[in-house]
Amino acid sequence: MTERTVWRWLAAAERDESAAAEPGARAQSKDRFSVTSEVRYLLALWKGNVAAVHRELTARAARGEGQPPPSIPTLHRAIRRDLTPGERAGLAGGERAARKHDVFLARPRPWRNQVWEADHVQAAVLVDVEGTARRPWITWFTDCATNAITGVAVTPGDPSRESVLAALRSAVLREDPYGPFGGVPEKVRVDRGKDFLSRTVTAAFDLLDVTVEDLPAYTPHLKGTVEGLNRAVESMFLASLPGYARQPRPGKRSSRPKDEVLLGFEDFTTQLLAWTLWWNTEHRPAPLGGRTPLQAWQDDPAPLRDVPAADLRTFTLEDAGTRTLTTRGIRFRRRDYVGPWMTGQAGIRVRIRFMPHHDHRIEVHHAATGRYLGPADLADQATDEQISAVRRARSARARRLKKDFQASQRERYAAVNQPEAPQRLGALTTAQAEAELAQTADSDLAQLAMPDLIPHAAPPADWRTPASLAALTTPGPPIRYPYGRDGASAPDGRDGRAALPTTAEDGNAS
């Protein structure tokens, strides 16, 4: 502060002793401007733009809808004084911006395998997947007590419940190459992802006696261990790989260089698993006090609960019910599956389990005893060349359909510089319109139907039949049908609906 400012503070303190408690504070007066609900509404409307709020308040005062606003500096001071930083950020950027100013409590560090956290994260790096650049997804489980990555699974495309089951299997097993981390946890925290809450994954957790804690949506701070791992893997590993999607690029366009060589999916998975091993055995996170996750795991005396590998594989497969083994194998989803162990087994009842989306193989168990019999592979399976050709044909067809759909939905409107109704562009000749309508009519089954090919018989003489309908019937003697039978209808009334006959014959009049 300048010397003049300090002398002014001292003079104010001599006049009023309360001013010494907060030097430089402005004196509060009754007419001091404060932020009202209207100002808060306008701040949210204009995304925190104070100058725009001031213009709006000035325009309303000119229309007689309120008092003139103070100056812009006064409005700024009132907003900084009456609103917290979180409120100002929330009015400008929404809930996510306001959350950055919140204070979060830290959970007490539990023992190993008490709580795990699981999540999907899309790697910010492009990987060569069969000639196509894709961003793979990583699914992993982490232990909240030791910060260890207990299980991981990598998917070239979108993750599914299969990714969760594969990561869960690698997380629970403690044998090579998964150990020494693992065992069955007491609780697993997940967000509201449909993959983690699917019926198959929920059944696997129930069989393992694991409590699933479903966190509310948009609350990443409630599973901070795995969210911190998601940020760490990008800054500590993915940023150094070729094809990093968020790498700053020179020039105006941020496109990837054409000569950039991407990692193959297998190489990417190998390097990711190597980084996971480094994280567990060499990295020393700050919450562990200079220890590695492996040292923290080994120093924890909490007992571990293991599951045999055979039982775990059964628990992490989807149950498809029971079938009868026939001479053609096992019929599943309208396809036959066979295996060499089926010789001499025709006629027994078996239970099918399978990994989701792995439709080339199923696992077969005895229906009565639950004993594992063996795998069964798809009979008459197409070759890799045939599958690739089918996929190329499907992709080409999808591209054609997408192009046709976009062309049919494209509409152009004329540009205007005066207020007027929108004017749609695209003129057609009469011949073009008739040809397109004729093509549509030929493809419409309702238009192809010819209900008047065989005219209806003439109605009874006592019916009041409109002339338009009488012209569509065949001439001849009227045929009497019992009312309400054989699809016959009653005569038309004045309102166009079927009316009852006026005579009382046949006992059907009312």
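My aim in this report is to walk through the structure given alongside it, one point at a time. From a predicted model like this one, the values you see are computed outputs, not experimental measurements.

So, how was this worked out
- Residues numbered from 1 in each chain as written.
- Predicted model: local features only at pLDDT ≥ 70, side-chain atom pairs only at ≥ 80, totals over all residues.
- Heavy atoms only, no water.
- Helix = DSSP H or I, 4+ residues; strand = E, 2+ residues; numbered from the N terminus.
- Contact = heavy atoms within 4.5 Å.
- Patch = residues over 30% accessible without salt bridge, like charges linked within 9 Å, V, L, I, M, F, W, Y side chains within 5 Å.
- Areas by Shrake-Rupley, 256 points an atom, 1.4 Å probe, with all protein chains shown as cover.
- Salt bridge = Lys/Arg side-chain N within 4 Å of Asp/Glu carboxyl O.
- Lys, Arg positive; Asp, Glu negative; His and termini not counted.
- Charge placed at Lys NZ, Arg CZ, Asp CG, Glu CD.
- Axes fitted to C-alpha atoms, helices over the stretch in contact; angles between N-to-C directions.
- Parallel < 35°, antiparallel > 145°, perpendicular 65-115°, else oblique.
- Phe/Tyr/Trp six-rings, centres within 6.5 Å; stacked < 30°, edge-to-face > 60°.
- Lys NZ or Arg CZ within 6 Å of the ring centre and 35° of its normal.
- Pairing = 2+ DSSP bridges.
- Buried < 20%, exposed > 50% of the residue type's maximum accessible area, 1.4 Å probe, protein only.
- Right-handed = clockwise from strand over helix to strand, strands pointing away.

## Considering the environment of Ala-376
Counting through the fold element by element, Ala-376 comes out in strand E14 (residues 372–378). Taking C-alpha positions, Ala-376 is 8.2 Å from Ile-330, a pair spaced 46 residues apart along the chain. Residue contacts for Ala-376: discarding those within four places in its chain leaves Tyr-337, Val-338, Met-342, His-360, Arg-361, Ile-362 and Val-364.

## Notes on a positive patch on the surface
A surface patch of like charges, here positive, comprises Arg-391, Arg-394, Arg-397, Arg-399 and Arg-400. Here Arg-391 lies in helix H13 (residues 384–409).

## Observations concerning the packing of helix H7 (residues 161–172) against helix H8 (residues 199–207)
In the contact formed by H7 and H8, the axes pass within 9 Å of each other and the chain directions differ by 25°. In terms of orientation, H7 and H8 fall into the roughly parallel class. Residues Arg-161, Val-164, Leu-165 and Leu-168 of H7 lie in contact with H8, whose contacting residues are Thr-200, Val-201, Ala-204 and Phe-205.

## Re the packing of aromatic side chains
For the coordinates displayed, the defined rule picks out seven aromatic pairs. Ring geometry for Phe-181 and Trp-297: centres 5.4 Å apart, planes at 70°, overall edge-to-face. Separated by 116 residues along the polypeptide, Phe-181 in the loop between H7 and strand E6 (187–190) and Trp-297 in helix H11 (residues 293–299) bring together distant segments of the chain. Its guanidinium or amino end placed over the ring of Trp-297, Arg-112 lies 5.2 Å from that ring's centre, counting from NZ or CZ.

## Regarding the sheet that holds strand E8 (residues 263–264)
Taken in spatial order, the three strands make up an open sheet running E3-E2-E8, and their pairing is mixed. The outermost strands of the open sheet, each flanked by one partner alone, are strand E3 (132–134) and E8. In the sheet, strand E2 (residues 127–129) pairs with E3 via three bridges, with the strands oriented antiparallel. When the bridges of E3 are listed, Val-129 appears paired with Thr-132.

## Focus on a nonpolar patch on the surface
There is a patch of nonpolar side chains on the surface, built from Met-1, Val-6, Trp-7 and Leu-10 and spanning about 490 Å² of accessible area. Mapped onto the fold, Leu-10 is located in helix H1 (residues 3–15). Using a relative accessible area of 45% as the deciding quantity, one classes Leu-10 as partly exposed.

## Re the sheet that holds E6
Ordered by their spatial adjacency, five strands build an open sheet running E5-E4-E1-E6-E7, and the pairing between neighbours is mixed. With one partner strand each, in any of the chains shown, strand E5 (149–155) and strand E7 (211–214) form the two edges of the open sheet. Averaged over all adjacent pairs, the angle separating strand axes in this sheet is 20°, with direction ignored. Alignment of strand E1 (residues 115–122) against E6, held across three bridges, turns out to be parallel. Considered in E6, the bridge of Trp-116 is made with Val-188.

## Some thoughts on the pairing of E7
Here E6 runs beside E7; their pairing, made up of four bridges, is parallel. Paired with Lys-187 across the bridge in E7 is Thr-211. In this region the chain leaves E6, passes through H8 and returns to the parallel neighbour E7; the handedness of that crossover is right-handed.

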